[in-house]
Amino acid sequence: MDFSIKAFDAKNTIATSKTGCLVVGIFEDKTLSVAAQALDKKGELTAAVKSGDISGKAGTTLLLRGLAGAAAERVLLVGLGKEGAVSGKDFTSAIQSVARGFASLGAADGIIALPLDGITAHDTAWAVQTATLTLRESLYRSDSLKSKKDAPAAGVKKCAFALAAADVTAAKNALAQAIALANGVELTKDLGNLPANICTPTYLANTAKQLAKDYKLGVEILDTKQLQALKMGSFLSVTAGSDEPPKFIVLKHMGGKAKEAPTVLVGKGITFDTGGISLKPGAAMDEMKYDMCGAASVLGTMRAIAEMKLKLNVIGVIAACENMPSGRATKPGDIVTSMSGQTIEILNTDAEGRLVLCDALTYVERFKPAAVVDIATLTGACVVSLGSHNTGMFTRHDAAHDGLAEELLAAGKHTGDTAWRMPIEEAYNEQLKSNFADMANIGAPGGGSIVAACFLERYTRQYTWAHLDIAGTAWKGGGAKGATGRPVPLLTTFLLNRVK
Ligand code: BES
Ligand code: MN
Ligand code: ZN
């Protein structure tokens, strides 16, 4: 969809705008939004409302054609909920209805003339971003591998947001950022949805190289030999059973001052997780192609901020490999030495995410980072505790010490890509005791997502760090199977807010 911003004046331009579909609002108390009033000179909208065909509750719609009071071919009246108190949630559901309407109409273009500046606790920029992301979301398809593509979406291809002249400049900036964010989200979804026979570690590395080319980013891909030289014994133990070569990807967007410490994103990139010798059960195992969604969110976020030309130094790091059983695979009980020198007894080869991440977390010490955030589909236990609504967020650092927790939570809230803080405490560390090595890679049962975070924490003591467990939020299973693109909105907003 092609988006633009249009300056308008409620009294004149709205009524005379020639467009396939003009979207205006109505509230629960049956009052019309300012733009809707401008079309009601002949009382046509008032009559339609009186007829009882639309309640004005958020998301309700009524399509009217050939109004004498409007030059538009169609007017889509959409419910916004409470007059004077339109919540972010109500606005989002109104836009979801607009997206459904747009998709099924004969119109090729539309104008959204809703009160974008009247949403409780949000500004016009937020409304433009939310509408853009919601419309792009509704158009997303993953059919690149179908020989017969799904029928191309009919309907509105060009969408303008109508705004008062004074808001136009701010809205144009917000729109450009929203489009960059939507592009990042879609890259993350595309990578997640690709099957593991196509989206291999090499494919992720090539995607990073392409991004580097397109946006002039720095890129470095380390291969097995280089990982051996770095003594990444923990990462290498995970890839041992696979015929696909592992890739360690470093992507740099240095948009800030030369001396400014970078913010580092570290993604888990298991392109397929069979569990290894601790083989997973067969049911729904195909979904373990999504075990690289942390990596995909790093690439999507790097794409979004590069397109925004964000004035911040950001480094994306990805540890990518497969977790496979074979005669060369790591066995339960094997002990490996991580890059940090700490030894690990691998009691379960299916707890592999932490094994690739711990070496990546040690590697990034060299960047003297301002902060490190790792993103991983790390534990089924996180899905049990938080379901699919919230990403699990773990950090030592909160308001009492440099505020990373608050930054991440706020960024999630702003975009509806929410996270929930979980504890990391010494008490859980007990569960990782090993009789033979510095630690085991799994703990006694209970609090599995917290124990996993505690494992990672042991490799992050040199810097400010947070861990995002996206096992429940990165993709949907069942009939609506597909990657969600989360937490790219959270991460991108977090980085945007870090620009001084
Ligand atoms: N990739 C999985 C986590 C996962 C499982 C995410 C199901 C989403 C849905 C991870 O590598 C894993 O297998 N974790 C184990 C850890 C356990 C062996 C301690 C798990 O969660 O079962
Ligand atoms: Mn696993
Ligand atoms: Zn995994």
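Quick note: structure is the one above.
Keep in mind it's a predicted model, so treat the numbers as computed, not measured.

Draft legend 1. Here's a closer look at the overall build of the protein chain. Scanning the protein chain for helices and strands turns up 16 helices and 19 strands. By the compact-globule yardstick of 23 Å for 500 residues, the protein chain fits well, its C-alpha radius of gyration being 25 Å. Taken over the C-alpha atoms alone, the protein chain extends approximately 85 × 50 × 45 Å along its principal axes. Residue burial in the protein chain is summarised as follows: out of 500 residues, 56% are buried. Pairs at least 24 residues apart make up 77% of the contacts formed inside the protein chain by residues separated by at least 6 positions. Summed over all atoms, the accessible surface of the protein chain reaches about 20,500 Å², with 53% contributed by carbon and sulfur. Averaging the locations of the 53 positively and 49 negatively charged side chains of the protein chain gives two centres separated by 5 Å.

Draft legend 2. Local environment of the coordination of the zinc ion (ligand 3). All of the protein donors around the zinc ion (ligand 3) are Lys268 (NZ), Asp273 (OD), Asp291 (OD) and Glu352 (OE); their distances to the metal are 2.0 to 2.4 Å. Classification of the site at the zinc ion (ligand 3) rests on its six donor atoms, whose angles at the metal span 78 to 174 degrees, yielding the label octahedral. Sequence positions of the donors to the zinc ion (ligand 3) reduce to the motif K-x4-D-x17-D-x60-E. Separating the zinc ion (ligand 3) and the manganese ion (ligand 2) is a distance of 3.2 Å, and Asp273 donates to both of them. Remark: Glu352 occurs in the loop between strand E12 (343-345) and helix H11 (353-363) and Asp273 occurs in strand E9 (residues 263-273); sequence separation between them is 79 residues. The same class applies to Asp273 and to Glu352, which are both buried.

Draft legend 3. Quick peek at a nonpolar patch on the surface. A cluster of nonpolar residues, Leu145, Ile198 and Tyr203, forms a patch on the protein surface that exposes about 260 Å² of accessible area. Looking at where Ile198 falls in the secondary structure, it is placed in the loop between helix H6 (168-193) and helix H7 (201-215).

Draft legend 4. Geometry of the sheet that holds strand E1 (residues 2-7). The six strands lie next to each other as E1-E6-E5-E2-E4-E3, forming an open sheet whose pairing is mixed. Among the strands making up the open sheet, the edge pair consists of E1 and strand E3 (61-65). Neighbour-to-neighbour, the strand axes of the sheet open up by a mean angle of 25 degrees, direction not taken into account. Packing of H6 onto the sheet brings it into contact with E1 and strand E6 (158-163), and relative to E1 it is tilted by some 170 degrees.

Draft legend 5. Representation of the site of ligand 1 within the structure. Around ligand 1 sit 16 residues in total, of which Lys280, Asp291, Asp350, Glu352 and Gly380 are the nearest. Between an oxygen atom of ligand 1 and a side-chain N or O atom of Asp273, the distance comes to 2.9 Å. Thr377 has a polar backbone atom sitting 3.3 Å from a nitrogen atom of ligand 1. Here ligand 1 has 510 Å² of accessible area as a free molecule, and 76% of this is covered by the chains. Of the residues contributing to the shell around ligand 1, the split by class is five nonpolar, four polar and seven charged.

Draft legend 6. Expanded view of the coordination of the manganese ion (ligand 2). The manganese ion (ligand 2) binds to the protein through Asp273 (OD), Asp350 (O), Asp350 (OD) and Glu352 (OE); the donor distances cover 2.1 to 2.2 Å. In this structure Asp273 comes out as buried when scored by relative accessible area, which is 2%. Overall, the relative accessible area of 22% leaves Asp350 in the partly exposed class.

Scoring rules and cut-offs
- Counting from 1, residues in each chain are numbered in the order their sequence is written.
- Whichever chain is written first becomes A and whichever ligand is written first becomes 1, with later ones labelled in order.
- Per-residue local features of the predicted model are confined to residues with pLDDT of at least 70, and side-chain atom pairs are confined, for both listing and counting, to 80 or more; whole-chain, interface and lining totals are unaffected and use all residues.
- The basis for every side-chain value is the complete set of non-hydrogen atoms in the structure, without hydrogens or water.
- In this text, helices come from DSSP runs of H or I with a minimum length of four residues, and strands from runs of E with a minimum of two, each type numbered from the N-terminal end.
- What the globule rule says is 2.2 Å times the number of residues to the power 0.38, and the radius of gyration is computed from C-alpha atoms.
- Burial classes follow relative accessibility: with a 1.4 Å probe on protein chains only, a residue under 20% of its type's maximum area counts as buried, one over 50% as exposed, and anything between as partly exposed.
- Whether two residues are in contact is decided by their heavy atoms: any pair within 4.5 Å suffices.
- Accessibility throughout is a Shrake-Rupley quantity obtained with a 1.4 Å probe, and a residue counts as covered only by protein chains that appear here.
- In this count, Lys and Arg are taken as positive residues and Asp and Glu as negative ones, while His and the chain termini are left out.
- A charge is said to be at NZ when it belongs to Lys, at CZ for Arg, at CG for Asp and at CD for Glu.
- Coordination shells were defined by N, O and S atoms within 2.8 Å of each metal, extended to 3.2 Å for Na, K and Ca; water is absent from the atom set, which can make sites look incomplete.
- Geometry assignment treats four donors as tetrahedral when all angles are between 85 and 135 degrees, treats four as square planar and six as octahedral when opposite donors are over 155 degrees apart and all others between 65 and 115, and treats everything else as irregular.
- By definition, no residue in a patch forms a salt bridge, and every one has over 30% relative accessible area; like charges are joined within 9 Å, nonpolar side chains (Val, Leu, Ile, Met, Phe, Trp, Tyr) within 5 Å.
- By convention in these notes, a salt bridge is any Lys or Arg side-chain nitrogen within 4 Å of a carboxyl oxygen on Asp or Glu.
- Think of it this way: DSSP has to see at least two bridges between two strands before they count as a pair.
- Working convention: axes come from line fits to C-alpha atoms, limited for helices to the stretch in contact. Angles between N-to-C directions cover 0 to 180 degrees.
- Nearness is defined per residue: one heavy atom within 4 Å of the molecule or strand is enough.
- N or O atoms within 3.5 Å of each other form a polar contact, as long as, within protein, one can give a hydrogen and the other can take it, and as long as residues adjacent in sequence are counted only when both atoms are side-chain atoms.
- Ten residues, namely Ala, Val, Leu, Ile, Met, Phe, Trp, Tyr, Cys and Pro, are considered nonpolar, four, namely Asp, Glu, Lys and Arg, are considered charged, and the remaining ones, Gly among them, are considered polar.

Keep in mind that these numbers describe shape and distance, not what the molecule does.
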